[in-house]
Each structure stands twice: as C-alpha cells, then as structure tokens.
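Spelled out, the chains give:
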Amino acid sequence: MKKIKVFIKREAVLCAALFLAVLSAFGTPPDRAYAGYIDYRTLAILFCLMCVMAGLQKTGVFFGVAKKLLQRVKGSVGLVLFLVLICFFSSMLITNDVALLTFVPFTFTVLDLLGEKVRRRLCLPVVVMQTIAANLGSMLTPIGNPQNLYLYGKAQMAAGDLLALMLPYTLFSLALLTVWGVVLGKKNRTMGPNAWEGNQAFLGQGQIQLAEGAGRDLAVYLLLFVFCLLAVGRVLAWPVVLVVVAVAVWATDRKVFARVDYSLLLTFVGFFVFIGNVGRIPAFRGFLQEAVGGREVYTAILASQAISNVPAALLLSGFTQNYEGLLVGANLGGLGTLIASMASLISYKYVAKAEETRKGAYIRIFTTGNLCFLAALIGLYEIWKRI
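Thresholds, definitions, all that
- Residues numbered from 1 in each chain as written.
- Predicted model: local features only at pLDDT ≥ 70, side-chain atom pairs only at ≥ 80, totals over all residues.
- Heavy atoms only, no water.
- Helix = DSSP H or I, 4+ residues; strand = E, 2+ residues; numbered from the N terminus.
- Rg over C-alpha atoms; globule rule 2.2 N^0.38 Å.
- Buried < 20%, exposed > 50% of the residue type's maximum accessible area, 1.4 Å probe, protein only.
- Salt bridge = Lys/Arg side-chain N within 4 Å of Asp/Glu carboxyl O.
- Contact = heavy atoms within 4.5 Å.
- Core = buried A, V, L, I, M, F, W, Y, C linked by side-chain atoms within 4.5 Å.
- Expected span 1.5 Å × (residues − 1).
- Phe/Tyr/Trp six-rings, centres within 6.5 Å; stacked < 30°, edge-to-face > 60°.
- Lys NZ or Arg CZ within 6 Å of the ring centre and 35° of its normal.
- Patch = residues over 30% accessible without salt bridge, like charges linked within 9 Å, V, L, I, M, F, W, Y side chains within 5 Å.
- Areas by Shrake-Rupley, 256 points an atom, 1.4 Å probe, with all protein chains shown as cover.
- Disulfide = S-S within 2.5 Å.
- Polar contact = N/O pair within 3.5 Å; in protein donor to acceptor, adjacent residues only side chain to side chain.
- Axes fitted to C-alpha atoms, helices over the stretch in contact; angles between N-to-C directions.
- Parallel < 35°, antiparallel > 145°, perpendicular 65-115°, else oblique.
- Nonpolar A, V, L, I, M, F, W, Y, C, P; charged D, E, K, R; others polar.

Q: Before we move on, could you go through the overall build of the protein and cite the residues and values that matter?
A: Along the protein, the regular secondary structure elements total 19 helices and 0 strands. Over its C-alpha atoms the protein spans a radius of gyration of 21 Å, differing by no more than 12% from the 21 Å that the globule rule assigns to 387 residues. Judged by the C-alpha coordinates and their principal axes, the protein covers about 70 × 50 × 50 Å. When burial is assessed residue by residue, the protein has 53% of its 387 residues classed as buried.

Printed below as a string of structure tokens:
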C-alpha cells in the first residue's frame, strides 16, 4: 500500500489520465474504435526524440559545449545571461526537459566554483530564470516540448506557421529575460574579469571533451536526430523513423531505453482514450465544446495551472478545432504554478536537494517570476490579437 501511495504521488498526472480513461470506459465500453483514438505518430516521434536526447545527454556533449562556451564569459552579468540563455535557446532543439536536466546541475557546479557567497546570492533566482527560459524558449519549435509536437501534428501545420505564431511571444520573452538577467547581474557584481582563473580543471582546454568512448555514439545520435526532424517535417514516414531509431539505439547502447519517460507516453494514451470516449457521448461533447469554444487561450492557461500544460493541451484538443489558440494558451500556461509545466519540477527537485533549507524561498521567487511573465505575455496576447 505504501508503494502504491508513493507511486500515485510521484505520477499524479499519469494516474489521473488512466483514471479518466477507465472512468470514461463505463460510458463507452471498449470496442474496435478504441484503436483509432491513439495518435500513433505523436507517440512514435516523441519516443524517438526521447531516445535520441537521452543518448546525446549520455555522451556529455551538452555539458561539454556549455563548458566550452563558458570560457568566453566575463563578469556577473555575462555569467547570469549565459546560464539563462543557454536554457532558452537549447530548449528549442533539445526540449525544455533536457535543457533543465543538463544545465541546472551545471549551474550549481559553476556557482560552487565561485564560492558560497556567490552561490547563495545567485542560485535561486538563476535557476528560476532558467526554468522560465526553458519553458518559453521551447515554445518556438515543434520539438521544443510535447504539447507543441502533438498540436503541430494534429493541426497539420507547417513549421513556418508555428514559428510565425509563437515568434512574437518568444522574442518578448527573450527581452524580458535579458532585462532581468542584466539587473540581477549588476546587483551581484561578484566577479572580476579574471574570475575563471584557476578553474581550468573544470572548464578544460581545446576540444570539447565527451564521455569516454562516446565519439561514435555522438555521430549516431546526431544522425538519428536528423531523422527525427525529417519525420516531424513529414519528409520521412514516422514508422520508418521509429524502426531506424529503435534498431540504432539498441545496437549503440540499449541502456538508453531505460532513460525514456514512459510515464509521459502512457499519460498521452490515457488522455487519448478519455477524449475519444467522451467524444462519443453527444451531450457531454457538446457541453465541453461550448465551454471551450472561443476561449481556447484562457481555458488552456487556467487548465495548465491545475493539471500542467501537456495534459491540458491533450484534453482540450478533443473539443475545439482552434489549435493555434491551444498552442498559445498551453505554452503561456506553462508559467504560473509549480505544476503548470512538468519541466519546472525538474528544477525544483535539484533545488530541494542542493538547497533544502531554502525551498520555500525558491517557491516564492518562482511564483512571483512566473506570474509576472504570465501577466506580461497575456498582455502581449491581448495587444497582438487586435493588430
């Protein structure tokens, strides 16, 4: 019983999705139509991207690139902007989850090198900014986060259409993050131009250093990443890419499969079943369509605060055809509460472990920063839709 409680607490969203799927089955008993509920393309591409990103992360290439770039950083403003913007831009290609999994621990390592005083001043606000940056940077591309991948595919959008839709919000977010980073850096002028002297053991010299024996693996995963992009762009058929990635990962390092977030994939399945079943109950479907219709952006933002933005996008997509509104709402909805974006929990777990006595302070900074960004971006949305 204790293990069950721990599992439910750890996988609350997954359990909710499965519960809704089972509950809806009482109204719509299982039949052959269930197989048509599942968006196999989204699941397959998401699985492939997870495998490739897990493999790339295991090679150490992201960490190595960050260390190489860090050699060029001078001053506290430069340090803050580097740590934040590397999450912002990298999340567009390696997803918000992987960006935070890679660069939040990297941030703790860097700040430790600068001493306790520097770490204490910068740690919490910088990690909050990194979390916001990863969630907002990822909204620009189809592969930046799961809700984009799903809605992009469901709407049959062109990549350029998604880029045009989210670009104003991305650029505005970049400007806000830059201003915050400059202000924070100037308030904490703790670094001189020679701050990194004596830290070359960490920063390294010359070539980017990978994990031992990872050179061949890096080439394989980069090639597989190109295959994934071609599948996202509908140049290659997703079943072909799924087979190629599965076989290549198995031959390269089968342990990578253990790093895939299968709970997220099952969460998708649970919501697909629920949406499919509810869609076959005319009265309930009509009620939800009426409730969501014309209010997609704000409905997605509000729903994200309670169940996070990926499930919100999945759930609401069954009751509206306005996928552009859902894209904007689900991406902006990742701001707000700690669970508005599940990626935010990655940062929190690192902070809870490294700064256990300051978890409350982190949540206060996190909530304040997120709400300010959310308010600013909602303001931009209201202005933009009138232009």
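Once the structure has been displayed, the description carries forward.
Q: Can you explain the pattern of salt bridges? Please cite residues and give values.
A: Scanning the model with the defined rule gives 8 salt bridges in all. The residue Arg 280 makes a salt bridge to Asp 31 at a minimum N-O spacing of 2.6 Å. With Arg 280 in the loop between helix H13 (262-278) and helix H14 (282-292) and Asp 31 in the loop between helix H2 (12-27) and helix H3 (40-59), this pair connects stretches of sequence that are 249 residues apart. Residue classification places Asp 31 among the partly exposed residues on the basis of a relative accessible area of 34%.

Q: Can you lay out the side chain of Asn 96 for me, pointing to particular residues and giving the numbers?
A: For Asn 96, the position within the fold is in helix H6 (residues 96-113). The class of Asn 96 is buried, set by a relative accessible area of 5%. Leave out the neighbours within four places in its chain, and Asn 96 touches Ser 91, Ala 134, Asn 135, Ser 138, Gly 144, Asn 145, Ser 341 and Ala 343.

Q: Got a sec to walk through the nonpolar core? Specific residues and values, please.
A: Ranked by internal contacts, the top residues of the largest apolar core, which has 118 residues, are Leu 79, Tyr 169, Val 245 and Phe 268. For this core, the leading source of residues is helix H5 (residues 75-94), giving 13 residues. Contact partners of Val 245, with chain neighbours within four places excluded, come to Cys 48, Cys 51, Val 52, Leu 224 and Cys 228.

Q: An account of H13 is requested, with residue identities and associated values reported.
A: Relative to the 24 Å expected for 17 residues at 1.5 Å per residue, H13 spans 24 Å between its end C-alpha atoms, a close match to the ideal helical length. Counting buried positions along H13 yields 14 of 17 residues, so the element is predominantly enclosed.

Q: Just give me the short version of unusual backbone geometry, but keep the residues and values in it.
A: A positive phi angle, close to 65°, is found at Arg 234, a residue other than glycine. Within the secondary structure, Arg 234 sits in the loop between helix H11 (215-232) and helix H12 (238-253). Backbone geometry at Ser 308 places phi at a positive 80°, although glycine is not the residue there. Considering the arrangement of structural elements, one finds Ser 308 in the loop between helix H15 (296-307) and helix H16 (309-316). Judged by its relative accessible area of 0%, Ser 308 is buried.

Q: Please provide a residue-by-residue account of the packing of aromatic side chains, values included.
A: Overall, the coordinates contain 14 aromatic pairs when judged by the stated rule. With 6.2 Å between their ring centres and 85° between their planes, Tyr 150 and Phe 268 make a pair best called edge-to-face. Here Tyr 150 is found in helix H8 (residues 146-154), whereas its partner Phe 268 is found in helix H13, with 118 residues between them in sequence. This pair shows no difference in class: Tyr 150 is buried, exactly as Phe 268 is. An aromatic cluster is built from Phe 47, Trp 250, Phe 257 and Tyr 262, whose rings are joined through pairwise contacts. Looking at Arg 234, its charged tip hangs above the ring of Tyr 152, at a distance of 4.8 Å from the centre.

Q: Before we move on, can you summarise a nonpolar patch on the surface with the specific residues and values?
A: Together, Met 1, Ile 4, Phe 7 and Ile 8 give the surface a local cluster of nonpolar side chains, amounting to about 420 Å² of exposed area. Looking at the secondary structure, you find Met 1 in the segment before helix H1 (2-10).

Q: Tell me about the state of the cysteines, residues and numbers included.
A: In this structure the tally under the stated criterion is 0 disulfides. Unpaired in terms of disulfides, Cys 48 finds its nearest cysteine sulfur in Cys 228, a separation of 5.0 Å. Take Cys 48: its relative accessible area is 1%, and that puts it in the buried class.

Q: For the side chain of Asn 331, give the residues involved together with the corresponding values.
A: For Asn 331, the location among the structural elements is in helix H17 (residues 323-332). Side-chain polar atoms of Asn 331 contact the backbone oxygen of Leu 327, separated by 2.9 Å. Not counting chain neighbours up to four residues away, the residues in contact with Asn 331 comprise Met 139, Asn 145, Gln 147, Asn 148 and Met 166.

Q: Break down the environment of Thr 42 for me, with residues and values.
A: Note on placement: Thr 42 falls in helix H3. Each C-alpha atom, one on Thr 42 and one on Tyr 150, is 5.7 Å from the other, the two residues being 108 residues apart in sequence. Excluding residues that lie within four positions of it along the chain, Thr 42 makes contacts with Leu 149, Tyr 150 and Phe 268. A polar atom in the side chain of Thr 42 sits 2.9 Å from the side chain of Asp 39.

Q: Tell me about the packing of H11 against H12, residues and numbers included.
A: Running from N to C, H11 and H12 point in directions that differ by 170°, and their axes come no closer than 10 Å. By the angle between their axes, H11 is roughly antiparallel relative to H12. Together, Arg 216, Asp 217, Val 220, Tyr 221, Leu 224, Phe 227, Cys 228 and Ala 231 of H11 and Val 241, Val 244, Val 245, Ala 248, Val 249, Thr 252 and Asp 253 of H12 make up the contact between the two elements. Counted by class, the contact of H11 with H12 contains 11 nonpolar, 1 polar and 3 charged residues.

Q: Give me the lowdown on the environment of Thr 141, citing residues and values where you can.
A: Within the fold, Thr 141 resides in the loop between helix H7 (116-137) and H8. Spatially, the C-alpha atom of Thr 141 lies 7.5 Å from that of Leu 93, the residues being 48 residues apart in sequence. With residues near it in sequence (within four places) discarded, Thr 141 still touches Met 92, Asn 148 and Leu 162. Polar contacts involving the side chain of Thr 141 include one to the main-chain amide nitrogen of Gly 144, which spans 3.1 Å.

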